[in-house]
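# Descriptive structure summary
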Amino acid sequence: MPNPAPNSAEARDVLYHLHSQTNAQAHARSGPLVMERGEGIHVFDSNGKRYLEAMAGLWCTSLGFSEARLKRAAAEAYDRFGFYHTFNHKTPAETIELAEKLVSLSPIPEAQAYFATSGSEATETMVKLAWVYHAVRGKPGKRKVIARDRGFHGSTIVAASMCGMPRMHREFGLPLPGFLHTLCPDPYHGPQPDEDMAGFVARLAAALEEMIQREGPETIAAFIAEPINAGGGVIVPPAGYFPAIEAVLRRHDILVLADEVVCGFGRTGHWWGSETVGMTPDMMAMAKGISSSYFPISAVLLGKPIQDALAEMNKGGEIFGHGFTNSGHPVGVAVALETIRIYEEMDVVPHVRAMGARLRGGLEAIAAESGIVGQVRGAGLILGVEMVADPARRAAFDPALKVGARFDAEALRNGLVIRPMGDTIALCPPLIIDEAGVDEILDLFSRTLRAVEAGLGAPRAAAE
Ligand SMILES: Cc1ncc(COP(=O)(O)O)c(C=O)c1O
């Protein structure tokens, strides 16, 4: 939609609204895509055009875009309370219920839940708790955090520092000192020629060990990772990766922090992404799927040693000097409780596995006929399809061809919302998707891929 008409909603958006993760000049030329409403797994733009939202918005609306029970849960919560908080010993009644529910689902034994309102706040909270943990145990020098290339942990200053993406750092003079990045466990591009997966995993663990030795183990507080990197390109680590690197981390008394903001609540075919990849965290952050993003709410689950450290820190009667106004907001909590109830009623994990297998199988069949799909990857209902110039050599396209962006534009023309990350196309549909919805994605995806191939003059694999 080039050059928005004067005074249109699109033109006013360009004038008055600064967008997240958007190039402002390109936005001034194209204007926004104005979305007006949602129905199940579909959304409708201001011209009434329907799209299958195969990204669940931003990896978040697991229950789709029109779940009446969540609306009712919010309305009923508002009937009781517009707001209450969790400072100074107070709490809304339902906040206790959600804390108990999360602890019952937690893979971390004897956990407690801490509430915030965004994924960024949750990941940053884990860092502060890690600092307390070490300081109380007489190791105040343990302050650094190791994250990974291509990881994403949010946009506030510490969360952005932990991201492993140049665009999150470039203009802002980040990362902050003491925020380090180790290698991304990308099994497609990471291994060297003639290196098998076990060798690759051993090299990743050795690189981490080397970084810890170089920095000094006495300076490092924590390691943070998404079980499966979402925004970095849907990277599933190779088998044995987390056990191998956790062995290194434990040896040096470094806490393991899981960022479950995307992977939590069934997305990967287990309740937690950590379970899918064999990660055993000391703390975990969650958001998005906790409320299907119908209300901004996030949480941290923290293990007993962290709780003990907090108790020790404040044994003189001081308070825990941390908190967000809307931590444990009664409406967010009510929406989250209802969201989890629905996940349990729909038996979300087997459903995700079945739908994920159907989607992946269909994508693999499409890939087999394409000359430009290098890899279909993922777990459960978070999948990535990487397009490459030469699948046999895993050789990337010339970035100037903007193959991912072409796919995105063509997909939107076809009524499919995906997310391009370089030349990898992410699919992360609402978890309520059924067979018909999966087949609709496959049809739209296949049509889009054919058009992109035609535009590139790429041969079909079957015709070669
Ligand atoms: C893995 C992960 N962690 C953290 C965040 C940050 O969440 P928020 O945008 O709610 O701060 C995101 C956002 O996409 C994410 O994907």
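Residue numbers run consecutively from 1 along every chain, following the written order of its sequence. Where local features are concerned, this predicted model is filtered to residues with pLDDT of at least 70; where side-chain atom pairs are given and counted, the filter is 80 or more; whole-chain, interface and lining totals use all residues. The side-chain numbers reported here are obtained from all heavy atoms of the structure, hydrogens and water having been left aside.

The next thing to look at is the overall build of the protein chain. Looking only at helices and strands, the protein chain has 15 helices and 15 strands in total. Taking 23 Å as the expected radius of gyration for a compact globule of 464 residues, we find that the protein chain reaches 23 Å, a close match to that expectation. Seen along its three principal axes, the alpha-carbon backbone of the protein chain occupies a region of about 70 × 60 × 45 Å. Looking at the 464 residues of the protein chain, the share that counts as buried comes to 53%. Any two residues having at least one pair of non-hydrogen atoms within 4.5 Å are treated as being in contact. Partitioning the contacts of the protein chain with sequence separation of at least 6, the portion at a separation of at least 24 is 72%. Note on areas: Shrake-Rupley with a 1.4 Å probe; residue coverage comes only from the protein chains shown. Summed over its atoms, the accessible surface of the protein chain is roughly 19,900 Å², and 55% of this surface lies on carbon and sulfur atoms. Of the side-chain charges in the protein chain, 43 are positive and 54 negative, and the distance between the mean point of each set is 3 Å. Think of it this way: any DSSP run of H or I at least four residues long counts as a helix, any run of E at least two long counts as a strand, and we number them from the N terminus. The quantity called the radius of gyration is restricted to C-alpha atoms. Its globule counterpart is 2.2 Å times the number of residues to the power 0.38. The rule is simple: take the accessible area with a 1.4 Å probe, protein chains only, and divide by the maximum for that residue type; under 20% is buried, over 50% is exposed, in between is partly exposed. Only four residue types enter the tally: Lys and Arg on the positive side, Asp and Glu on the negative side; His and the chain ends are excluded. For charged residues, the charge sits on one atom: NZ in Lys, CZ in Arg, CG in Asp, CD in Glu.

Quick look at the site of the ligand now. With respect to spatial proximity, the complete set of residues near the ligand consists of Ser 118, Gly 119, Ser 120, Phe 152, His 153, Gly 154, Glu 226, Asp 259, Val 261, Val 262 and Lys 288. The definition of a polar contact used here is a pair of N or O atoms within 3.5 Å, where within protein one atom must be able to donate a hydrogen and the other to accept one, and adjacent residues in sequence count solely through side-chain atom pairs. For the ligand, a nitrogen atom lies 2.6 Å from a polar atom in the side chain of Asp 259. One of the side-chain nitrogen or oxygen atoms of Lys 288 is found 2.9 Å away from an oxygen atom of the ligand. Look at the ligand: alone it shows 400 Å² of surface, and the protein chains cover 80% of it. When residue character is reported, Ala, Val, Leu, Ile, Met, Phe, Trp, Tyr, Cys and Pro are called nonpolar, Asp, Glu, Lys and Arg charged, and the others, Gly included, polar. Along the lines of polarity and charge, the residues of the shell around the ligand split into three nonpolar, five polar and three charged. Here a residue is considered near a molecule or strand provided that any single heavy atom belonging to it is located within 4 Å of it.

Another point: the sheet that holds strand 12 (residues 382-387). Any two strands with at least two DSSP-identified bridges between them are counted as paired. The four strands lie next to each other as 11-12-15-14, forming an open sheet whose pairing is antiparallel. Two strands lie at the open edges of the sheet, namely strand 11 (373-379) and strand 14 (419-421), each paired on one side alone. Recorded for the sheet is a direction-independent mean angle of 20 degrees between the axes of neighbouring strands. Judged from the three bridges that link them, strand 14 and strand 15 (residues 424-427) form a sheet pairing that is antiparallel. When the bridges of strand 15 are listed, Arg 419 appears paired with Ala 426. Simply put, an axis is a line fit to the C-alpha atoms, just over the touching stretch for a helix, and the angle between two N-to-C directions goes from 0 to 180 degrees. Set on the sheet, helix 13 (residues 348-368) makes contact with strand 11, strand 12 and strand 15; between it and strand 11 the angle comes to about 175 degrees.

Each assigned domain of the protein chain is listed with its residue range as follows: domain 1 (33-66 + 349-463) and domain 2 (69-345). Note that the domain bounds reflect an automated or database-derived domain assignment. Here the C-alpha centroids of domain 1 and domain 2 sit 28 Å apart. Residue-level contacts link 34 residues of domain 1 with 28 residues of domain 2. Both sides together, the interface formed by domain 1 and domain 2 hides about 2,400 Å², and carbon and sulfur atoms give 60% of it. By convention, the term buried area covers the 1.4 Å-probe accessible surface removed from two parts as they join, with the contributions of both added. Together, Trp 59, Leu 63 and Arg 394 form the three largest contributors to the area buried by domain 1 at its contact with domain 2, with a combined 26%. Salt bridge criterion: a side-chain nitrogen from Lys or Arg within 4 Å of a carboxyl oxygen from Asp or Glu. Put simply, domain 1 and domain 2 have zero salt bridges between them.

Aromatic pairs are defined between Phe, Tyr and Trp rings, using the six-membered ring for Trp, whenever the two ring centres lie within 6.5 Å; interplanar angles under 30 degrees are classed as stacked, those over 60 as edge-to-face, and all others as tilted. Across all of its chains, the model carries nine aromatic pairs by this definition. Judged by centre distance (6.2 Å) and plane angle (80 degrees), the rings of Tyr 114 and Phe 320 are edge-to-face. Remark: Phe 320 occurs in the loop between helix 11 (304-313) and helix 12 (330-345) and Tyr 114 occurs in strand 4 (residues 112-116); sequence separation between them is 206 residues. Residue classification places Tyr 114 among the buried positions, given a relative accessible area of 16%. Here the aromatic cluster, defined as three or more aromatic residues joined through ring pairs, consists of Phe 265, Trp 271, Trp 272 and Tyr 343. Here, a charge over a ring means that NZ of Lys or CZ of Arg falls within 6 Å of the ring centre while also lying within 35 degrees of the ring normal. When the ring centre of Phe 44 is taken as origin, the NZ or CZ atom of Arg 37, which lies over that ring, is 4.0 Å away. Sitting over the ring of Trp 131, Arg 143 keeps its end group 3.8 Å from the ring centre.

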